[in-house]
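Residue strings, one per chain:
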Amino acid sequence: MKPEKLSDLKKELSGLSAQELTDICLRLAKYKKENKELLTYLLFDADNPMKYADEVKSFLLEDFKTMQKHYYYSTKSMRKIIRLVNRYAKYTGSKEVETELALWFCINFLKFADLKTSHKPLQGLLTRQFEKIIKLIPKLHGDLQFDYQKEFEIIVINASEKTRWVNKSQYL
């Protein structure tokens, strides 16, 4: 069975009463964690996405702090954190929040990860975030582009000083 098109769903939903819409939303939230998280964001946090980003940062900071130092386990933890960062950024639908969280991840990667390791998967996590930020910055408003570009340059310079596998000329 194939799902209906969004336009058909929109037409059908527009004809429902408020009580029927509430019941449908609650039923959706009951069956999938992501639906409940999205509904929570839309109802309680959508008016201030940057405050939501700060809440996400404080929530995920614990994962960074409790991360094991062994490169294999730290790679697994970093992948989990990236997955969560991407999920929470997707809820906002804001490129600014997505950029903010990606930069925050890079800063904490440099602070908590074992930077002396030659484990390619761990190194790839940081380089992919750098590439993602490079693609995100041009999609922002001009003033924000300037601010985030400066912050990104500082992070890249910091990463090239702390590691031997980050080449700053590749990203700047």
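Because the structure is a prediction, the values reported are computed rather than measured.

Reading the values: the criteria
- Every chain is numbered on its own, with residues counted from 1 as its sequence reads.
- Only residues with pLDDT of at least 70 get local features here, since the model is predicted, and only at 80 or more are side-chain atom pairs given and counted; chain-wide, interface and lining totals rely on the full set of residues.
- As a rule here, side-chain values come from all non-hydrogen atoms in the structure, and water together with hydrogens is ignored.
- Helical segments are the DSSP runs of H or I of at least four residues, strand segments are the runs of E of at least two, and each set is numbered from the N terminus.
- Per-residue accessibility, obtained with a 1.4 Å probe over protein chains only, is compared with the maximum for each type, and a residue is labelled buried under 20%, exposed over 50%, and partly exposed between these values.
- Note on areas: Shrake-Rupley with a 1.4 Å probe; residue coverage comes only from the protein chains shown.
- Note on patches: the residues involved have over 30% relative accessible area and no salt bridge, like charges join within 9 Å, and the nonpolar side chains Val, Leu, Ile, Met, Phe, Trp and Tyr join within 5 Å.
- Here a salt bridge means any side-chain nitrogen of Lys or Arg lying within 4 Å of a carboxyl oxygen belonging to Asp or Glu.
- Working definition of a nonpolar core: buried Ala, Val, Leu, Ile, Met, Phe, Trp, Tyr and Cys residues. They are joined through side-chain atoms within 4.5 Å.
- Contact between two residues is taken to exist if any of their heavy atoms lie within 4.5 Å; hydrogens are not considered.
- For every residue, the predictor reports its confidence as pLDDT, a number between 0 and 100.
- All axes are obtained by fitting lines to C-alpha atoms, using only the stretch in contact for helices, and the reported angles, taken between N-to-C directions, cover 0 to 180 degrees.
- With respect to orientation, any angle under 35 degrees is reported as roughly parallel, any angle over 145 as roughly antiparallel, any angle of 65 to 115 as roughly perpendicular, and every other angle as oblique.
- By the definition used in this description, the sense in which the near helix is turned from the far one sets the handedness, with an anticlockwise turn below a right angle giving left-handed and a clockwise turn giving right-handed.
- Any pair of nitrogen or oxygen atoms within 3.5 Å is treated as a polar contact; in protein, a donor-acceptor pairing is required on top of that, and neighbouring residues in sequence qualify only through side-chain atoms on both sides.
- Here the aromatic set is Phe, Tyr and Trp, taking the six-membered ring for Trp, and pairing holds for ring centres within 6.5 Å; pairs whose planes are under 30 degrees apart are stacked, those over 60 apart are edge-to-face, and all others are tilted.

**Student:** An account of the overall build of the protein is needed here, citing residue identities and associated values.
**Tutor:** Along its length, the protein carries 9 helices and 0 strands. The linear arrangement of helices and strands in the protein, starting from the amino end, is α-α-α-α-α-α-α-α-α. Viewed in the frame of its principal axes, the protein has a C-alpha envelope of about 60 × 40 × 30 Å. Counting the 172 residues in the protein, one finds 37% classified as buried. Looking at the protein as shown, the accessible area adds up to about 11300 Å², and 56% of this sits on carbon and sulfur atoms.

**Student:** Quick rundown of a nonpolar patch on the surface? Include the residues and the values.
**Tutor:** A cluster of nonpolar side chains, contributed by Leu6, Leu9, Leu13, Leu21, Ile24 and Leu28, occupies part of the molecular surface with about 530 Å² of accessible area. Elements represented by at least two residues in the nonpolar patch include exactly helix H1 (6-14) and helix H2 (18-31). Tracing the sequence through the fold places Leu28 in helix H2.

**Student:** So what's going on with the nonpolar core? Which residues, and what values?
**Tutor:** Counting residues in each nonpolar core, the largest one holds 42 residues, and the members touching the most others are Phe64, Met78, Phe109, Leu126, Phe130 and Phe152. Among the secondary structure elements, those contributing two or more residues to this core are helix H4 (49-65), helix H5 (71-92), helix H6 (95-112), helix H7 (120-136) and helix H8 (142-162). Among the elements that line this core, the one with the most residues is H6, at 10 residues. In this structure Met78 touches Phe64, Met67, Phe105, Phe109, Ala113, Leu122 and Leu125, once residues within four positions along its chain are discounted.

**Student:** Quick rundown of the confidence of the model for the protein? Include the residues and the values.
**Tutor:** Across the protein, the average pLDDT comes to 93, with 100% of residues at 70 or higher. Taken element by element, the predicted model of the protein shows its lowest mean pLDDT in helix H9 (residues 168-171) (84) and its highest in H6 (96).

**Student:** Account for the packing of H7 against H8, naming residues and giving values.
**Tutor:** The geometry of H7 relative to H8 is characterised by a closest axis approach of 12 Å and an angle of 160° between their N-to-C directions. Compared by their axis directions, H7 and H8 come out roughly antiparallel. Every pair of crossing elements has a handedness; the one defined by H7 and H8 is left-handed. Where H7 abuts H8, its residues Leu126, Phe130, Ile133 and Ile134 lie against Phe152, Ile155, Val156 and Ala159.

**Student:** Can you tell me about the side chain of Glu100, naming the residues and giving the values?
**Tutor:** Turning to its location among the elements, Glu100 is positioned in helix H6. At 2.8 Å, the side chain of Glu100 and the side chain of Tyr148 are in polar contact. The residues contacting Glu100, other than those within four sequence positions of it, are Met50, Lys57 and Tyr148.

**Student:** Report on the packing of aromatic side chains, specifying residues and quantitative values.
**Tutor:** Given two aromatic rings, one states the distance between the centres and the angle between the planes to describe the pair. Throughout the structure, instances matching the rule amount to 11 aromatic pairs. Between Tyr88 and Tyr91 the ring centres are 6.1 Å apart and the planes differ by 65°, which places this aromatic pair in the edge-to-face class. Remark: Tyr91 and Tyr88 occur in helix H5; sequence separation between them is 3 residues, near one turn of the helix. Residue classification places Tyr91 among the buried residues on the basis of a relative accessible area of 8%.

**Student:** How would you explain the environment of Tyr52 if you had to name every residue and give the values?
**Tutor:** Mapped onto the secondary structure, Tyr52 falls in helix H4. For the pair Tyr52 and Val97, spaced 45 residues apart in sequence, the C-alpha separation works out to 8.8 Å. Apart from the residues within four sequence positions on either side, Tyr52 is in contact with Tyr41, Asp45, Tyr88, Tyr91 and Thr92.

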